[in-house]
Amino acid sequence: MPGSLEKDSPCKVNLLLNILGKRPDGFHELETVMHPVHFCDHLVFSRGGNGIELTCSDPTLPTDARNLVHRAAEAFFKAAKLTEEVRIHLMKKIPLAAGLGGGSGNAATTLLGLNELFDTPLKLDELPALAAALGSDIPFFLQTKPALAIGRGEKIIACEPFPALQGAFFLLIHPGFGISTAWAYQNLARFPIALNGHPGRAQKLVKLLQAGNLSAASAEFYNSLEAPALEKYPLLALFQEFLRANGAAATLMSGSGSTTFAILRDRAAAENLVEKFKRKFGASCWTAVVPA
């Protein structure tokens, strides 16, 4: 068994997030189309230590059981019936509270990494249940394809790469502030149309993306959580208006925000739009250009 290993931990964008109502268990029923984005945090795992020893490059993040990496490690060792002896270092690059699933990706990567480091005591088909118990988005990051997710987001139906996005690039823009997922869902109650969406939109979008027509697909991009988010933070709506007016094939807020993403047809167009955006809104926003 290796003494240590390293893994990249990617993020995601939601091409569609359609809330279908509140469930009796307190969660929300939803359908979403998630796409992996290879902008990554980095995790280093080393056997040994005293219990679970987590360190992080970002001093603002807790390194105890409040951190999803720590909780994922606890869940792994309990399920695998192994003694908790591991050192984990998390190098953060993905913005926090950004709607990009950085923490969820970290948790999934921890499950995969520890299972590999400790010589696969768990079968791969045992990991999704562990992941779903930790958080709704986490099962998505156990695999690498785009996916349609249903339930509270934990039921994953993987899709082949979408022809409509072949050769395209994501432009990610984080405004420098985060939006709490809990706040976004709590305030959704003030927007009954967004709270009680019509099912089937996710399947429709997947079919259009599979058909290869980005222009047709872009009209179907939708996020229920934009209703409360754009009301409180109208700057995000201004971002979208500017991106659409300057060549973006599609633009949307990802997850509960605050990241806005745009889809451009090639890298040159994406990098040119970054420069235009910074001239308009200033250079304080975090941006990244990533192949789709």
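Cut-offs applied
- Residues numbered from 1 in each chain as written.
- Predicted model: local features only at pLDDT ≥ 70, side-chain atom pairs only at ≥ 80, totals over all residues.
- Heavy atoms only, no water.
- Phe/Tyr/Trp six-rings, centres within 6.5 Å; stacked < 30°, edge-to-face > 60°.
- Helix = DSSP H or I, 4+ residues; strand = E, 2+ residues; numbered from the N terminus.
- Buried < 20%, exposed > 50% of the residue type's maximum accessible area, 1.4 Å probe, protein only.
- Lys NZ or Arg CZ within 6 Å of the ring centre and 35° of its normal.
- Core = buried A, V, L, I, M, F, W, Y, C linked by side-chain atoms within 4.5 Å.
- Contact = heavy atoms within 4.5 Å.
- Pairing = 2+ DSSP bridges.
- Axes fitted to C-alpha atoms, helices over the stretch in contact; angles between N-to-C directions.
- Salt bridge = Lys/Arg side-chain N within 4 Å of Asp/Glu carboxyl O.

Visitor: How would you sum up the packing of aromatic side chains? Please name residues and give values.
Guide: Given two aromatic rings, their pairing is described by the distance between the two centres and the angle made by the two planes. All chains considered together, the criterion is met by 13 aromatic pairs. Taking 5.2 Å as the distance between ring centres and 75 degrees as the angle between the ring planes, the aromatic pair formed by Phe39 and Trp286 counts as edge-to-face. Pair noted here: Phe39 is in strand E2 (residues 28-47) and Trp286 is in strand E11 (residues 286-291), with a separation of 247 residues, a long-range link. Geometrically, the ring pair formed by Phe76 and Phe118 is tilted, given 6.2 Å between the ring centres and 45 degrees between the ring planes. With Phe76 in helix H1 (residues 68-80) and Phe118 in the loop between helix H2 (102-117) and helix H3 (127-134), the pair connects residues that are 42 residues apart, well separated along the chain. A relative accessible area of 0% means that Phe76 is categorised as buried. An aromatic cluster is defined as three or more aromatic residues linked by ring pairs; in this entry it consists of Phe239, Phe242, Phe277 and Phe281. For the cation-ring pair, Arg152 lies above Phe27, with the distance from its terminal atom to the ring centre recorded as 4.8 Å. Residue placement shows Arg201 over the ring face of Tyr222; its charged tip is 4.0 Å from the ring centre.

Visitor: If you had to explain the nonpolar core to someone new, which residues and values would you point to?
Guide: For soluble globular proteins, nonpolar side chains are generally found buried alongside one another. In terms of nonpolar packing, the biggest core is built from 34 residues, with Phe76, Phe77, Val86, Ile88, Leu111 and Leu114 touching the most fellow members. Elements supplying a minimum of two residues to this core: E2, strand E3 (51-56), H1, strand E4 (85-91), H2, H3 and strand E5 (147-150). Setting aside residues up to four positions removed in sequence, Leu114 forms contacts with Phe45, Ala73, Phe76, Phe77 and Val86. Residues Leu16, Val33, Ile94 and Ala249 belong to the second largest nonpolar core, which totals 31 residues.

Visitor: Quick rundown of unusual backbone geometry? Include the residues and the values.
Guide: With omega at 20 degrees, the peptide bond leading from Gly257 into Ser258 counts as cis. Summarising the element assignment, Ser258 is placed in the loop between strand E9 (250-253) and strand E10 (260-264). Residues other than glycine seldom take positive phi values, yet Lys81 does so here, at roughly 60 degrees. Note on Lys81: relative accessible area 73%, which makes it exposed. With a phi angle near 65 degrees, Asp119 is a residue other than glycine that sits in the positive phi range. In this fold, Asp119 is placed in the loop between H2 and H3.

Visitor: An account of the pairing of strand E6 (residues 155-158) is requested, with residue identities and associated values reported.
Guide: Pairing of E5 with E6, which is carried by 4 bridges, proceeds in the antiparallel orientation. Its bridge partner being in E6, Leu148 is matched across the sheet by Ile157. The antiparallel pairing of E5 with E6 creates a hairpin that spans 4 residues between the two strands, and Gly151 there sits at a positive phi of about 75 degrees.

Visitor: Now, about the sheet that holds strand E7 (residues 169-174): what can you tell me, with residues and values included?
Guide: Whether parallel or antiparallel, the strands of a sheet pair through hydrogen bonds between backbone atoms. One open sheet holds the 4 strands; their spatial order is E9-E10-E7-E11, and the pairing between them is antiparallel. The strands lining the two open edges of the sheet, one partner per strand, are E9 and E11. With direction set aside, neighbouring strand axes in the sheet form an average angle of 20 degrees. The strands touched by helix H9 (residues 234-245) are E7, E9 and E10; relative to E9, the strand with the most contacts, the crossing angle is about 170 degrees.

Visitor: Tell me what's going on with the pairing of E2, and back it up with residues and numbers.
Guide: Working note: regular strand, side chains alternate between the two faces of the sheet. Where burial is concerned, most of E2 is hidden: 14 out of the 20 residues are buried. Note that strand E1 (residues 4-22) and E2 share 17 bridges and pair antiparallel. Within E2, the residue paired with Lys7 across the bridge is Leu43. Between E1 and E2, which pair antiparallel one after the other, the connecting turn spans 5 residues, and Gly26 there sits at a positive phi close to 95 degrees. Across 3 bridges, E2 lies against E5 in antiparallel orientation. Residue pairing in the sheet places Met34 in a bridge with Ala147 of E5. One ladder, built from 6 bridges, connects E2 with E4; its direction is antiparallel.

Visitor: Please provide a residue-by-residue account of the pattern of salt bridges, values included.
Guide: Taken as a whole, this structure holds 11 salt bridges when the rule is applied. The shortest N-O distance in the salt bridge between Asp137 and Lys12 comes to 3.9 Å. Residue Asp137 is located in the loop between H3 and E5, and its partner Lys12 is located in strand E1; the two are separated by 125 residues in the primary sequence. With a relative accessible area of 24%, Asp137 lands in the partly exposed category. Take Lys12: its relative accessible area is 3%, and that puts it in the buried class. The salt bridge involving Glu271 is made with Arg267; its shortest N-O contact spans 3.6 Å. Of this pair, Glu271 and Arg267 are both found in helix H10 (residues 267-281), 4 residues apart, which corresponds to roughly one turn of the helix. Judged by its relative accessible area of 39%, Glu271 is partly exposed. The class of Arg267 is partly exposed, set by a relative accessible area of 36%. Residues participating in the shared-partner salt-bridge network are Arg23, Asp25 and Glu29.

Note that every value here comes from positions in space, so none of it alone points to a role or purpose.
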